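Observations on the three-dimensional arrangement
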Amino acid sequence: MRVAIAGAGLAGLSCAKYLVDAGHTPIVVEARDVLGGKVAAWQDEDGDWYETGLHIFFGAYRNMRQLIQELDIEDRLQWKSHSMIFNQRQTPGTYSRFDFPDLPAPFNGLAAILGNNDLLTWPEKISFGLGLVPAMLRGQGYVEECDKYSWTEWLKLHNIPERVNDEVFIAMAKALNFIDPDEISSTVVLTALNRFLQEQDGSQMAFLDGNPPQRLCQPIVDYVVARGGEVHLDSPMRQIELAPDASVSGFRIGGIKGKQGYSLQADAYVSALPVDPFKLLLPEAWASIPFFQKLSGLNGVPVINIHLWFDRKLTDIDHLLFSRSPLLSVYADMSNTCKEYADPDRSMLELVFAPAKDWIHRSDEDIVAATLSELEKLFPQHFGSDDQAKLRKFKVVKTPLSVYKTVPGCQQLRPDQTSPIANFFLAGDYTMQRYLASMEGAVLSGKLCAAAVSASPLAAPQAAQAKPVAV
Ligand SMILES: Cc1cc2nc3c(=O)[nH]c(=O)nc-3n(C[C@H](O)[C@H](O)[C@H](O)COP(=O)(O)OP(=O)(O)OC[C@H]3O[C@@H](n4cnc5c(N)ncnc54)[C@H](O)[C@@H]3O)c2cc1C
């Protein structure tokens with residue numbers, strides 16, 4: 001069966017991969033000239049890479065890890081020590097660590113929390129631990145029920161002191177969805193905590209060994225193309241063309257860079273677009289269908305990714321760091337954490353600037369100046385003295401509408417991969433799967449979408465030859 005897929009982010013590519021595995025022929029069309037969507041990256045005039053986002057892979061990412069294993073590129077994930085490292089606000093330039101010992105879950109997580117006395121007091125740890133008991137005992141059902149509360153409301157409901165938010169969860173909420181705990185749904189935080197506490201390696205982190213388009217996306221494309229699929233860049237889907245019965249008759253592909261526009265015809269059609277551009281392309285005839293109407297409540301959140309190249313080493317820490325700065329979320333010295341970006345003498349900091357709603361329209365220079373003043377607190381030894389670290393160059397990548405903003409009530413708005421239109425399916429991190437808006441969520445959504453296409457009546461004539469998609 002020919003399946004047209006719009007969008008070559010991780011969701012679209014994963015969908016294509018699992019469709020070829022099932023014996024189908026995916027044709028992926030991507031609007032931009034680069035693979036990866038929110039993991040896209042570019043090279044500057046010196047050959048240095050800059051990225052849409054600083055990306056961390058977690059041990060809990062079972063579907064991503066399986067995909068990477070199937071592509072035979074497991075050596076590209078650089079696993080770091082099993083720890084979480086927070087900057088200390090009161091003592092600039094120092095760190096507080098949560099170290100996970102080599103024990104089965106949840107004992108390694110409990111030991112990491114109990115072993116950290118810098119951030120939380122014993123009464124705070126105990127009240128927080130007790131609050132988590134229902135999530136651990138009642139599992140995902142309870143976690144989903146909590147979507148009506150923001151994380152701050154959930155903490156209040158469990159009489160957990162506000163200081164727990166200030167010390168740990170402002171940093172965590174910003175890392176998970178680029179927003180603060182009074183906005184983020186408690187389902188998001190509880191889902192992450194559940195994975196971290198229930199899987200021994202769930203919170204262990206890895207960095208990709210280089211730029212994501214070449215090191216992660218291209219192997220998926222090679223796999224798909226070697227098995228008869230197609231992936232076309234510079235091919236924006238401009239319109240979902242409809243047959244008289246409101247099913248899809250084609251994807252209208254815009255002609256750009258001297259190419260002719262055309263109508264892409266297939267047996268089944270997948271949108272692997274982010275939710276915001278998909279809503280703009282929604283055909284009028286579908287607008288009153290509740291499945292599509294609900295999407296109006298899902299909206300991308302702004303975020304900014306900053307790259308700062310310095311004339312010297314600022315740190316030798318080879319890990320993700322939680323800045324606990326009011327302007328910044330997580331950051332890493334990529335000259336230590338990523339093989340392709342390695343530099344033994346000079347740092348390249350990649351920093352996520354969030355929440356970004358008040359900054360997304362400001363100039364790059366303003367954003368960098370604000371970031372540098374935060375660095376005085378993170379690296380006091382290198383700033384504020386006569387021998388100041390010098391910024392060699394910078395790149396700022398703004399994403400005004402990134403992953404959907406996970407405010408309370410969103411879980412019920414997330415669509416299934418199977419739509420009410422018989423030959424039309426959805427993939428994307430915003431679609432319903434248990435990993436929220438993440439690389440793992442995108443990969444899982446693509447896999448679920450491929451399974452839905454394969455299991456649909458459209459595939460019936462081929463069912464005898466096709467292999468099922470295992471999910
Ligand atoms: C700053 C930042 C940091 C992040 N950090 C992490 C992290 O540490 N860990 C983690 O797991 N996740 C992280 N994420 C989230 C993660 O990147 C996303 O959840 C995931 O990559 C989304 O994949 P997707 O395929 O669903 O969507 P996208 O990656 O957005 O892919 C959609 C694709 O559709 C294309 N498209 C749009 N319109 C059209 C059209 N009309 N025709 C054809 N193609 C079109 C786009 O160009 C894009 O390539 C981060 C995201 C950002 C922005």
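Fair warning: this is a prediction, and the values are worked out from it, not measured in the lab. (Residues numbered from 1 in each chain as written. Predicted model: local features only at pLDDT ≥ 70, side-chain atom pairs only at ≥ 80, totals over all residues. Heavy atoms only, no water.)

**As for the overall build of the protein**
The helix and strand tally for the protein stands at 13 helices and 20 strands. The C-alpha radius of gyration computed for the protein amounts to 23 Å, which stays within 12% of the reference 23 Å derived for 471 residues, consistent with globular compactness. Once the C-alpha set of the protein is aligned to its principal axes, its extents read approximately 70 × 55 × 40 Å. For the protein, the proportion of its 471 residues judged to be buried stands at 58%. Surface accessibility of the protein: about 18,800 Å² in total, with carbon and sulfur atoms responsible for 54%. Of the side chains in the protein, 43 bear a positive and 56 a negative charge, and the two mean positions are spaced by 2 Å. (Helix = DSSP H or I, 4+ residues; strand = E, 2+ residues; numbered from the N terminus. Rg over C-alpha atoms; globule rule 2.2 N^0.38 Å. Buried < 20%, exposed > 50% of the residue type's maximum accessible area, 1.4 Å probe, protein only. Areas by Shrake-Rupley, 256 points an atom, 1.4 Å probe, with all protein chains shown as cover. Lys, Arg positive; Asp, Glu negative; His and termini not counted. Charge placed at Lys NZ, Arg CZ, Asp CG, Glu CD.)

**Some points on the site of the ligand**
Near the ligand lie 34 residues; those nearest to it are Glu30, Lys38, His55, Tyr61 and Asp429. Contact distances for the ligand include 3.2 Å between a nitrogen atom and a backbone N or O atom of Leu54. Note that an oxygen atom of the ligand is positioned 2.7 Å from one of the side-chain N or O atoms of His55. Protein coverage of the free-state accessible area of the ligand, which is 1,000 Å², stands at 92%. At the level of secondary structure, the elements contributing two or more residues to the shell around the ligand comprise helix H1 (10-21) and helix H13 (439-455). Looking at the shell around the ligand, its residues break down into 20 nonpolar, 10 polar and 4 charged. (Near = heavy atom within 4 Å. Polar contact = N/O pair within 3.5 Å; in protein donor to acceptor, adjacent residues only side chain to side chain. Nonpolar A, V, L, I, M, F, W, Y, C, P; charged D, E, K, R; others polar.)

**Quick word on the packing of helix H4 (residues 122-145) against helix H7 (residues 186-198)**
Contact geometry for H4 and H7: axes closest at 10 Å, N-to-C directions at 100°. Classified by the angle between their axes, H4 and H7 sit roughly perpendicular to one another. Contacts between H4 and H7 involve Phe128, Leu132, Ala135, Met136, Gly139, Gln140, Tyr142, Val143 and Glu144 from the first element and Thr187, Leu190, Thr191, Leu193, Asn194, Arg195, Leu197 and Gln198 from the second. Taken together, the residues of the contact of H4 with H7 sort by class into 9 nonpolar, 6 polar and 2 charged. (Axes fitted to C-alpha atoms, helices over the stretch in contact; angles between N-to-C directions. Parallel < 35°, antiparallel > 145°, perpendicular 65-115°, else oblique. Contact = heavy atoms within 4.5 Å.)

**Regarding the nonpolar core**
Core analysis: the biggest nonpolar cluster contains 132 residues, and Leu10, Phe128, Trp151, Trp154, Phe251, Phe278 and Phe424 have the highest contact counts within it. A total of 8 residues in this core trace back to one element, the largest contributor, which is H1. With sequence-adjacent residues up to four places away left out, Phe128 is seen in contact with Trp151, Trp154, Leu155, Ile160, Val164, Phe169 and Leu193. (Core = buried A, V, L, I, M, F, W, Y, C linked by side-chain atoms within 4.5 Å.)

**Brief notes about the layout of surface pockets**
When its volume is computed, the second largest pocket comes out at roughly 190 Å³. Lining the second largest pocket are 13 residues, and of these Asp48, Trp309, Tyr341, Ala342 and Asp343 sit closest to its centre. For the lining of the second largest pocket, a count of residues per class yields 5 nonpolar, 3 polar and 5 charged. (1 Å grid on protein atoms, 1.4 Å probe; cavity = no way out; pocket = protein on both sides within 12 Å on 5 of 7 lines; lining within 4 Å. Points joined across faces, edges and corners; volume = space filled by probe spheres on them.)

**Comments concerning the sheet that holds strand S10 (residues 230-232)**
Strand order in this open sheet of 5 strands is S10-S2-S1-S14-S20, and the pairing throughout is parallel. Across the chains shown, the open sheet's two edge strands, defined by having one partner strand only, are S10 and strand S20 (424-426). Direction aside, neighbouring strands of the sheet carry axes that sit 20° apart on average. Here strand S1 (residues 2-6) runs beside strand S14 (residues 268-271); their pairing, made up of 4 bridges, is parallel. Paired with Ile5 across the two strands is Val270, which belongs to S14. (Pairing = 2+ DSSP bridges.)

**Observations regarding the sheet that holds strand S19 (residues 391-399)**
The 7 strands lie next to each other as S8-S7-S16-S17-S18-S15-S19, forming an open sheet whose pairing is mixed. Single-partner strands in this sheet number two, and they are strand S8 (95-99) and S19. In this sheet, S19 lies alongside strand S15 (residues 303-310) in antiparallel orientation, the contact comprising 8 bridges. Residue Val303 lies in a different strand from S19, and its bridge partner there is Thr399. Running at roughly 75° to strand S17 (residues 328-333), helix H6 (residues 162-177) makes contact with strand S7 (83-87), strand S16 (321-322) and S17 of the sheet.

**Thoughts on the side chain of Asn63**
Note that Asn63 resides in helix H2 (residues 62-70). Looking at Asn63, its side chain comes within polar contact range of the side chain of Glu440, at 2.8 Å. Setting aside residues no more than four positions away along its own chain, Asn63 makes contact with Tyr435, Glu440, Val443, Leu444 and Lys447.

**Focus on the domain arrangement of the protein**
Put simply, an interface is often sized by how much accessible area is lost when its parts join up. Here the protein is partitioned into domain 1 (2-40 + 211-299 + 410-462), domain 2 (97-201) and domain 3 (303-399). Inter-centroid distance (C-alpha atoms) of domain 1 to domain 2 is 34 Å. Facing the 7 residues of domain 1 at the interface are 6 residues of domain 2. Buried area between domain 1 and domain 2, summed over both chains or domains, comes out near 600 Å², and the portion from carbon and sulfur atoms is 52%. The largest contributions to the domain 1 side of the interface with domain 2 come from Gln411, Arg434 and Leu436, which together make up 73% of the buried area. The tally of links between domain 1 and domain 2 comes to 0 salt bridges. (Domains from an automatic or database assignment. Buried area = accessible area lost by both parts, 1.4 Å probe. Salt bridge = Lys/Arg side-chain N within 4 Å of Asp/Glu carboxyl O.)

**Remarks on the pairing of strand S11 (residues 237-242)**
With 5 bridges connecting them, S11 and strand S12 (residues 248-253) associate as antiparallel partners. Within S12, the residue paired with Gln239 across the bridge is Arg252. What sits between the antiparallel neighbours S11 and S12 is a turn of 5 residues, in which Ala246 has the positive phi angle 70°.

**Remarks on the packing of aromatic side chains**
Going through the model one piece at a time under the given rule, you end up with 18 aromatic pairs. Centre to centre, the rings of Phe86 and Phe98 are 5.5 Å apart; their planes meet at 65°, and the pair counts as edge-to-face. Note that Phe86 is positioned in strand S7 and Phe98 in strand S8, a separation of 12 residues in sequence. Residue Phe86 is classed as buried on the basis of its relative accessible area, which comes to 1%. Looking at Phe98, the relative accessible area reads 9%, which means it is buried. (Phe/Tyr/Trp six-rings, centres within 6.5 Å; stacked < 30°, edge-to-face > 60°.)

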